[in-house]
Amino acid sequence: MKIAFSTSGDNLDAPLYPRFGRTPKFLMYDLESKTFELVDNTQNLNAAQGAGIQAAQTVSRAGAGAVVTGHCGPKAFRVLAEADIEVYNTEAATVAEALTLYQTGKLVRAEASDVEGHWA
Amino acid sequence: MIITVASGKGGTGKTTLAVNLAAVMENPVVLLDCDVEEPNAQLFLNGASNQEEDLVHLLIPEVDATHCTGCGECAQFCRYGAIAVPRATAIVFPELCHGCGGCKLVCPSGAICEVERRIGKIETFTRNGIILHEGRLDIGVAMAPPLIRALKTRIRKDYTVIIDAPPGTSCPVIAALRGSDFAVLVTEPTPFGLHDLKLAVEAVRELELPFGVVVNRMGIGDERVHTFCQEEKIPILAEIPDDRNIAEAYSRGALLSEALPEYRPIFSNLLKRILQNGTFGKAEDSEKP
């Protein structure tokens, strides 16, 4: 399974970006091959609205089975849920730290968005 | 003639100017409060309500899951990202939909029909020959342009129309300005006022509208707004002084031209200048072929 980590950097030591929808990119980590690739999300950085919805479709298209991020809003959560993508919220500082937390079962799967939408 | 009162910066005096221009009109006038996120012209006009609320709706898509193939054409078309197709079926986010109807047109399987979504209402008030149509967005709705367009269907060709635009230079402002015969840009002589005036000037030039500037709160700030207007050959149509009495009348919700009649000529002269010579300010356009 692939896990999408929100990040502003391009390797495992990069910071975990706290916002799902407006993260500059996603680090897609493949649990089986232990490799990763980067998926750009910059088109959403300046979107007036709906960044989370687009980001959710981006990770869905990239084949993610789970998302590990800081915060995820209600619209993004709805799209991710519809696509059967699990969401995990964490305050881990780096992607590597978040990955370790995930692999050791220390992250709890979110049952709902953990922040309010910005427009509703 | 349609006169739109706009400004880049908020709080410069758009509503004050719009209601007082309407108040000094000798003939019946239609006033449209297009600042639909926070309409306040009625606070100063204090007109009689016609006791009717016209509800404004937007047509938004509804997806029939039994016909949707999940092809994603609709999501790809929607520039506002109001439709997502994460898997087999499209999901609609009504709060992001501008109601263009494009998704329905591009859907190859006829799975999209349109349903009404209420976005706000229009109320009408009258006082002394002024007909005020006020647009008011519902709480939680961030979709001003369609309501402004609905409001503008109240424009009557045989009336002078004064439009109180929202602040800023984004879509709602453009929706208010479009189709006007003249734009009055209200500003204040401060660096903030100048900064946002420049944006507003760019917007009205893009729309190719004749326009002029009114400087409010003269006496504060500096000379830079005047220098800018001189350099850009933009007429300064009127100046309203920074007077505590004006602020006090405003805070009571009084109509300035009635509470402080000494200021009435500022508005009547401004109106005269606009009505007599609605094309000045287009000076730079005359050089174009």
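These numbers were taken from a predicted model, which means no experiment stands behind them.

A. Layout of the overall build of chain B. Counting its regular elements, chain B contains eleven helices and eleven strands. When its C-alpha atoms are laid out on the principal axes, chain B stretches across 70 × 45 × 35 Å. For chain B, the proportion of its 289 residues judged to be buried stands at 46%. Of the contacts made within chain B by residues no fewer than 6 positions apart, 74% connect residues no fewer than 24 positions apart.

B. Representation of the sheet that holds strand β9 (residues 182-187) of chain B in the model. Residues and elements named next belong to chain B. The strand order across the open sheet formed by nine strands is β3-β6-β7-β2-β8-β1-β9-β10-β11, and the pairing between neighbours is mixed. The sheet terminates laterally at β3 (48-63) and β11 (236-241), the two strands that pair on one side only. Ignoring which end each strand starts from, the neighbouring axes of this sheet average 20 degrees apart. Of the strands in this sheet, β1 (2-6), β9 and β10 (211-218) are in contact with helix α7 (residues 191-206), which crosses β9 at around 170 degrees. Lying over the sheet, helix α11 (residues 264-276) contacts β1, β9, β10 and β11, oriented at roughly 170 degrees with respect to β11.

C. Representation of the interface of chain A and chain B. Taken together, the 14 residues of chain A in the interface contact twelve residues of chain B. Ranked by the residues each element gives to the side of chain A that touches chain B, the list is headed by helix α1 (residues 51-61) of chain A, at five residues. Residue classes in the side of chain A that touches chain B are distributed as six nonpolar, five polar and three charged.

D. Here's a closer look at the pairing of strand β4 (residues 64-69) of chain A. Burial within β4 of chain A is extensive, with five of its six residues counted as buried. Remark: the β4 of chain A/helix α2 (residues 74-82) of chain A/strand β5 (residues 86-89) of chain A crossover connection has right-handed handedness.

E. Representation of the pairing of strand β1 (residues 2-7) of chain A within the structure. Residue and element names in this part refer to chain A. A large share of β1 lies buried, amounting to five of its six residues. Across six bridges, β1 lies against strand β2 (residues 25-30) in antiparallel orientation. Each bridged residue has a counterpart across the sheet, and for F5 the counterpart in β2 is L27.

F. The sheet that holds β2 of chain A, seen in detail. Residue and element names in this part refer to chain A. The strand order across the open sheet built from five strands is β3-β2-β1-β4-β5, with neighbouring strands paired in mixed fashion. Strands with a single pairing partner mark the edges of an open sheet, and in this sheet they are β3 (35-40) and β5. For this sheet the average axis-to-axis angle between neighbouring strands, irrespective of direction, equals 25 degrees. In this structure, β2 lies alongside β3, joined through six bridges in antiparallel fashion. Bridged to L27 within β3 is L38. Lying over the sheet, α1 contacts β1, β2, β3 and β4, oriented at roughly 135 degrees with respect to β4.

G. Representation of the nonpolar core within the structure. By size, the foremost hydrophobic cluster in this structure holds 124 residues, and its most contacted members are V67 of chain A together with L31, I83 and L185 of chain B. Residue-level mapping places this core at the junction of two domains, with at least three residues from each of domain 1 (2-56 + 119-284) and domain 2 (58-118) of chain B.

H. Structural context of the domain arrangement of chain B. Residue and element names in this part refer to chain B. Looking at the assigned domains, one finds that chain B contains domain 1 (2-56 + 119-284) and domain 2 (58-118). The C-alpha centroid of domain 2 is placed 37 Å from the C-alpha centroid of domain 1. Taken residue by residue, the interface counts five residues in domain 1 and five residues in domain 2. Looking at the side of domain 1 that touches domain 2 residue by residue, the class counts come to four nonpolar, no polar and one charged.

I. Local environment of the environment of T69 of chain A. Residues and elements named next belong to chain A. By the secondary structure assignment, T69 is in strand β4. Spatially, the C-alpha atom of T69 lies 8.4 Å from that of T7, the residues being 62 residues apart in sequence. Discounting residues that sit within four places of it in the chain, T69 has contacts with S6, F20 and N89.

J. The arrangement of the environment of A41 of chain B in detail. Residue and element names in this part refer to chain B. Looking at the secondary structure, you find A41 in helix α2 (residues 41-45). Remark: the alpha-carbon pair of A41 and G253, spanning 212 residues in sequence, is separated by 9.6 Å. Aside from chain neighbours lying at most four places away, what touches A41 is T15, A18, V19, L31, D33, L132, E134 and D164.

K. Representation of the packing of α1 of chain A against α2 of chain A. Residues and elements named next belong to chain A. α2 packs onto α1 with a crossing angle of 25 degrees between their chain directions and a minimal axis gap of 7 Å. Judged by the angle between their axes, α1 and α2 are roughly parallel. The hand of the α1/α2 crossing is right-handed. Here α1 contributes G52, I53, A55, A56 and Q57 to the contact with α2, which in turn contributes K75, A76, V79 and L80. For the contact of α1 with α2, the per-class residue count stands at six nonpolar, two polar and one charged.

L. Looking closely at the environment of N11 of chain A. Residues and elements named next belong to chain A. On the secondary structure map, N11 appears in the loop between β1 and β2. Residue classification places N11 among the exposed positions, given that 12 C-beta atoms sit within 10 Å. A C-alpha to C-alpha distance of 7.9 Å links N11 and V95, two positions 84 residues apart in sequence.

Conventions we followed
- Residues numbered from 1 in each chain as written.
- Chains lettered and ligands numbered in written order.
- Predicted model: local features only at pLDDT ≥ 70, side-chain atom pairs only at ≥ 80, totals over all residues.
- Helix = DSSP H or I, 4+ residues; strand = E, 2+ residues; numbered from the N terminus.
- Buried ≥ 20, exposed ≤ 12 C-beta atoms within 10 Å, placed from the backbone.
- Contact = placed C-beta atoms within 7 Å.
- Pairing = 2+ DSSP bridges.
- Axes fitted to C-alpha atoms, helices over the stretch in contact; angles between N-to-C directions.
- Nonpolar A, V, L, I, M, F, W, Y, C, P; charged D, E, K, R; others polar.
- Right-handed = clockwise from strand over helix to strand, strands pointing away.
- Core = buried A, V, L, I, M, F, W, Y, C linked by C-beta atoms within 7 Å.
- Domains from an automatic or database assignment.
- Parallel < 35°, antiparallel > 145°, perpendicular 65-115°, else oblique.
- Left-handed = near helix turned anticlockwise from the far one by under 90°.

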